Amino acid sequence: MLTAKVVTPDGQPVVGAKVALMQEGVTTMSVQLNRGHLRSNNSRNPLMTTDAAGQFTVTSLVEAGTFVVANGIGFASASWSEVTASDTLILQPLGRIEGVLMQRDDPSAGQEIKMISSPNRGIVMDFESTPLTTVAAGRFGVENVSAGPVPLSCLIKTGSTARASSQATDAVGTPGHTAKVVIGGRGAARSGPGRFGP
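What comes next concerns the included structure. (Residues numbered from 1 in each chain as written. Predicted model: local features only at pLDDT ≥ 70, side-chain atom pairs only at ≥ 80, totals over all residues. Heavy atoms only, no water.)

1. Brief notes about the sheet that holds strand S6 (residues 55-58)
So, point 1. If you walk across this open sheet you meet the three strands as S6-S1-S9, and the pairing is mixed. Either end of the sheet is taken by a strand with one partner, and the two such strands are S6 and strand S9 (88-90). Going across the sheet, the axis of each strand differs from the next one's by a mean of 25°, ignoring polarity.
So, point 2. The pairing of strand S1 (residues 2-7) with S9 spans three bridges and is classified as parallel. Bridge pairing in S9 places Lys5 opposite Thr88. (Pairing = 2+ DSSP bridges. Helix = DSSP H or I, 4+ residues; strand = E, 2+ residues; numbered from the N terminus. Axes fitted to C-alpha atoms, helices over the stretch in contact; angles between N-to-C directions.)

The following block contains the structure:
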């Protein structure tokens, strides 16, 4: 059994944060970060909630894995051994990604897209509920991004039920800051049929 606490950078307890322990062998798609909040689709990855003292308790028999925690405005990630040594996870502010969508050699404005993220640290960024439309010079923005590398690609709407999928590009999220990324470009999209809507 392990009891640990979640705190802000200045040491204040974080109440009501959701915590997951990601273990090897559990599908990496089972926990998502959606609009700054964790959600789980797998009973092997139940979410814990911090109490009034910012604490949570783990009764897992497998003393290994990676802890992830979020509360809508902050995110933290640490290994079992790191949390055992410190008894603490320090929440860092979520960041933002500003990107440019390129189609061949030109920025693509007015294009409806959906962002896709590959699993990272056992979780996946869930952008499904947030379609985006690129603005002037192909620009778009993504809010509530966790720190660290975020492997991104996008579905580009090309018809009522058709889409093109861009190649993956790594954006590096920084707590409380904005990361820049360019997606697409000549030869970087592959087309295929598929449903675009929710």
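2. Let's talk about the packing of aromatic side chains
So, point 1. Under the counting rule described, the total for this entry stands at two aromatic pairs.
So, point 2. Consider the rings of Phe67 and Trp80, whose centres lie 5.6 Å apart with planes at 20°: the pair is stacked. Residue Phe67 is located in strand S7 (residues 66-70), and its partner Trp80 is located in helix H1 (residues 80-86); the two are separated by 13 residues in the primary sequence. Exposure class is identical for Phe67 and Trp80. Each is buried.
So, point 3. Here the aromatic cluster, defined as three or more aromatic residues joined through ring pairs, consists of Phe56, Phe67 and Trp80. (Phe/Tyr/Trp six-rings, centres within 6.5 Å; stacked < 30°, edge-to-face > 60°. Buried < 20%, exposed > 50% of the residue type's maximum accessible area, 1.4 Å probe, protein only.)

3. Some details on unusual backbone geometry
Residues other than glycine predominantly adopt negative phi, and peptide bonds predominantly adopt the trans conformation.
So, point 1. The backbone phi angle of Ala137 is positive, close to 65°, even though this residue is not glycine.
So, point 2. Relative to the assigned elements, Ala137 resides in the loop between strand S15 (132-133) and strand S16 (139-145).
So, point 3. The phi dihedral of Asn144 falls on the positive side, at around 55°, and the residue is not glycine.
So, point 4. If you trace the backbone, Asn144 turns up in strand S16.

Purely geometric stuff here, so don't read any function into it on its own.
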